[in-house]
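Breakdown of the fold
Listed below are the residues making up each chain.
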Amino acid sequence: MTTAQQPWDVVVLGGGSGGYAAALRGAQLGLRVALVERDEVGGTCLHRGCIPTKAWLHAAEVADQARDAARIGVRVTVEGIDGGAVRDYSDGIVARLHRGLQGLIRAGGIEVVRGTGRLVAPDTVRVTTPDGAAHDLLGRHLVLATGSRSKVPDVFPRGARILTSEDALRLTDIPRRVVVVGGGVIGVEFASLWRSFGAQVTILEALERLLPAEDPAISRGLERALRARGIEVRTGAQVRSTEETGDEVRVLLAEGELTCDTLLVAVGREPVTDGLGLAEAGIALEGGWVRTDQHLHTGVGAVYAVGDLVAGPQLAHRGFAHGIAVAERIAGMEPVVVPDEQIPRVTYSDPEVASVGLTEPAARERFGTDGVETIEHSLAGNGKSQILGTSGMVKLVRQTGGPIVGVHLLGSRVGEQIGEAQLWVGWEAYPQDITPFVHAHPTQNEALGEAALALAGQPLHAHS
């Protein structure tokens, strides 16, 4: 084992969204940075999560558009889905983005250290390389960024037909009958894409509604839309056991049972903290997540934690923001602390769900039952939504007489509209602050403006 003689300004443990953002921003600010990664830089998001999943979802969208093309006068035929070709398409996108990220890291002069790291002191990471050798990296500051992994309870023994989302992205054969356990973001997205590819799909959600972190009105609207697409949705469904037998999986529920040829376990993700030496270094965990202050400091030495290691929304862009903020703080700056509720959320199903800020129940809990006003504006009267053939809504939540504190969207492609909504919530805009702004016609973006007009008491159209 060898020991580095000169400390790095920053040693980052983990090269995913939060880790590489911290490394890149630190390098931009003149810090000497070492980045420890046991796999490939880019992490889950680039290689096994956000990017490949959205590539598959785009292929699903194309398939749906082709099937529906006759309705708008375009004659095409869908002969079938080539799962291997879709995977190749996805892999190509990942490879190009990976090459670009590697180029940025090289250009920044960041030292990438291949291997598995663990803390042996508040200023030291011991790296074990693939050949078994070990050496220590000394850092004036350490950033923990090891991310998360799929949670697989014991009731789901892994097998050829019992899969996580990472496993599902490597399939080349499209399942015929799928049971998706978990009605959160990952479960809903995979259910949506497999239905688009022609599978018979059932979602089992233990809670009383899909996307339980979203506004109840949006959850109800999404459930109706998925049922209309032929997806069976069972809420309040408790899985007792699963068994893989030959060419099918048997799922025993509290009430009844199901069989399928593929079962996706999408019950959430858990932080990767085992084997990191956190307890030995005095770093505290709460519910499995690393405990930090608002500046993401662990309370030990100069050790920070970012991204999915910190309790809150498990989103790549949250990890980016964490990494940038920590690097800037290490460099002596005072970055703005962004509350989790100001981070936009998107579920890329068909239809999409996008939101930022407080749900109606959360707002009423904070401001009181009479301290909240809401409005639900239908997309039915929106010209671009009619062209796209989508339905859905914009729901706005405001503090009574005060600013807008939540924006919630349901409909095709509404994820592209969440940027403006984030500005409203982040800048504490009142509805009357928004009404003077002109929204281009015909766009779905108009629906946001129309909803703000209605909330300000100036509705232009009757669809609300």
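Just above sits the structure.
Parameters and conventions
- Residues numbered from 1 in each chain as written.
- Predicted model: local features only at pLDDT ≥ 70, side-chain atom pairs only at ≥ 80, totals over all residues.
- Heavy atoms only, no water.
- Helix = DSSP H or I, 4+ residues; strand = E, 2+ residues; numbered from the N terminus.
- Rg over C-alpha atoms; globule rule 2.2 N^0.38 Å.
- Buried < 20%, exposed > 50% of the residue type's maximum accessible area, 1.4 Å probe, protein only.
- Contact = heavy atoms within 4.5 Å.
- Areas by Shrake-Rupley, 256 points an atom, 1.4 Å probe, with all protein chains shown as cover.
- Lys, Arg positive; Asp, Glu negative; His and termini not counted.
- Charge placed at Lys NZ, Arg CZ, Asp CG, Glu CD.
- Axes fitted to C-alpha atoms, helices over the stretch in contact; angles between N-to-C directions.
- Parallel < 35°, antiparallel > 145°, perpendicular 65-115°, else oblique.
- Left-handed = near helix turned anticlockwise from the far one by under 90°.
- Nonpolar A, V, L, I, M, F, W, Y, C, P; charged D, E, K, R; others polar.
- Pairing = 2+ DSSP bridges.
- Salt bridge = Lys/Arg side-chain N within 4 Å of Asp/Glu carboxyl O.
- Core = buried A, V, L, I, M, F, W, Y, C linked by side-chain atoms within 4.5 Å.

Turning our eyes to something else, we now look at the overall build of the protein chain. Helix and strand counts for the protein chain stand at 14 helices and 25 strands. The C-alpha radius of gyration computed for the protein chain amounts to 24 Å, which stays within 12% of the reference 23 Å derived for 464 residues, consistent with globular compactness. In terms of overall dimensions, the protein chain has a C-alpha envelope of 70 × 60 × 45 Å along the principal axes. Out of the 464 residues in the protein chain, the part that is buried amounts to 49%. The long-range fraction of contacts in the protein chain, counting pairs at least 24 apart against all pairs at least 6 apart in sequence, stands at 64%. A total accessible area of about 20,900 Å² is found for the protein chain, and carbon and sulfur atoms account for 50% of it. Placing the 43 positive and 56 negative side-chain charges of the protein chain at their respective mean positions leaves the two points 2 Å apart.

By the element assignment, Arg 229 lies in the loop between α7 (216-228) and β12 (232-235). Setting aside residues no more than four positions away along its own chain, Arg 229 makes contact with Asp 64, Ser 192, Arg 195, Ser 196 and Asp 350.

This paragraph deals with the packing of helix α3 (residues 50-67) against helix α4 (residues 83-107). At a minimum axis separation of 9 Å, α3 and α4 run at an interaxial angle of 135°. Here α4 runs oblique to α3, going by the angle between their axes. In this structure, α3 meets α4 at a crossing whose hand is right-handed. Contact residues: α3 offers Ile 51, Pro 52, Ala 55, Trp 56, His 58 and Ala 59, while α4 offers Gly 83, Val 86, Arg 87, Tyr 89, Ser 90, Ile 93, Val 94 and Leu 97. In the contact of α3 with α4, the residues fall into 10 nonpolar, three polar and one charged.

Read from one edge to the other, the open sheet built from five strands follows the order β9-β16-β10-β11-β12, with strand pairing classed as parallel. The open sheet has two edge strands, β9 (162-163) and β12, and neither has a second partner. In this sheet, strand β16 (residues 262-265) lies alongside β9 in parallel orientation, the contact comprising two bridges. Looking at β16, one finds that Ile 162 is bridged to Leu 263.

Ordered by their spatial adjacency, five strands build an open sheet running β21-β22-β25-β24-β23, and the pairing between neighbours is antiparallel. Either end of the sheet is taken by a strand with one partner, and the two such strands are β21 (345-347) and β23 (372-378). Across the sheet, the mean angle from the axis of one strand to that of its neighbour is 10°, orientation sign disregarded. Sheet topology note: the β23/strand β24 (residues 393-399) ladder contains seven bridges and is antiparallel. Opposite Glu 376, over in β24, you have Lys 395 as the bridge partner.

The next point concerns the pairing of strand β13 (residues 239-245). As paired strands, β13 and strand β14 (residues 248-253) are joined by six bridges and run antiparallel to one another. In the sheet register, Thr 245 faces β14, and the bridge partner there is Glu 248.

Before going further, it helps to examine unusual backbone geometry. Looking along the chain, the bond that leaves Asp 350 and enters Pro 351 is cis, with omega of 5°. Positive phi values are uncommon outside glycine, yet Leu 211 reaches one of about 40°. Tracing the backbone through its elements, the reader meets Leu 211 in the loop between β11 (200-205) and α7. Relative accessible area serves as the criterion here: at 4%, Leu 211 is assigned to the buried category.

The next point concerns the pairing of β16. On a regular strand, one side chain projects to one face of the sheet and the next to the other, so that they alternate. Across the two faces of β16 the burial is the same, with Thr 262 and Leu 264 and Leu 263 and Val 265 all buried. Bridge count between strand β10 (residues 177-181) and β16: four bridges; the pairing is parallel. Directly across from Val 178, in β16, lies its bridge partner Thr 262.

Take the pattern of salt bridges next. What the rule picks out here adds up to 28 salt bridges. Between Glu 232 and Arg 234 there is a salt bridge, and its shortest N-O distance comes to 2.9 Å. A relative accessible area of 33% places Glu 232 in the partly exposed class. Here Arg 318 makes a salt bridge to Asp 340, at a shortest N to O gap of 3.1 Å. Linking Arg 318 in helix α9 (residues 316-330) with Asp 340 in the loop between α9 and β21, this pair joins segments that are 22 residues apart in sequence. Classification of Asp 340 by relative accessible area gives partly exposed; the value is 29%. Where salt bridges share partners, they join Asp 215, Glu 360, Arg 364, Glu 376 and Lys 395 into one cluster.

For the pair α3 and helix α6 (residues 185-196), interaxial distance at closest approach is 8 Å and the crossing angle is 40°. For the element pair α3 / α6, the angle class is oblique. Along this stretch, α3 crosses α6, giving a crossing that reads as left-handed. Listed contacts from α6 to Thr 53, Lys 54, Trp 56, Leu 57, Ala 60, Ala 63, Asp 64 and Arg 67 of α3 are Glu 189, Phe 190, Leu 193 and Ser 196. Residues that form the contact of α3 with α6 fall into these classes: six nonpolar, two polar and four charged.

The next subject is the nonpolar core. Within the largest apolar cluster, 45 residues are counted, with the highest numbers of intra-cluster contacts made by Val 12, Leu 119, Leu 144 and Ile 283. Leaving out residues up to four positions away in the same chain, Val 12 has contacts with Gly 19, Ala 22, Ala 23, Val 33, Ala 34, Leu 35, Val 36, Val 143 and Ala 145. With 31 residues, the next largest nonpolar core counts Leu 169, Phe 190, Ile 203 and Leu 226 among its residues.

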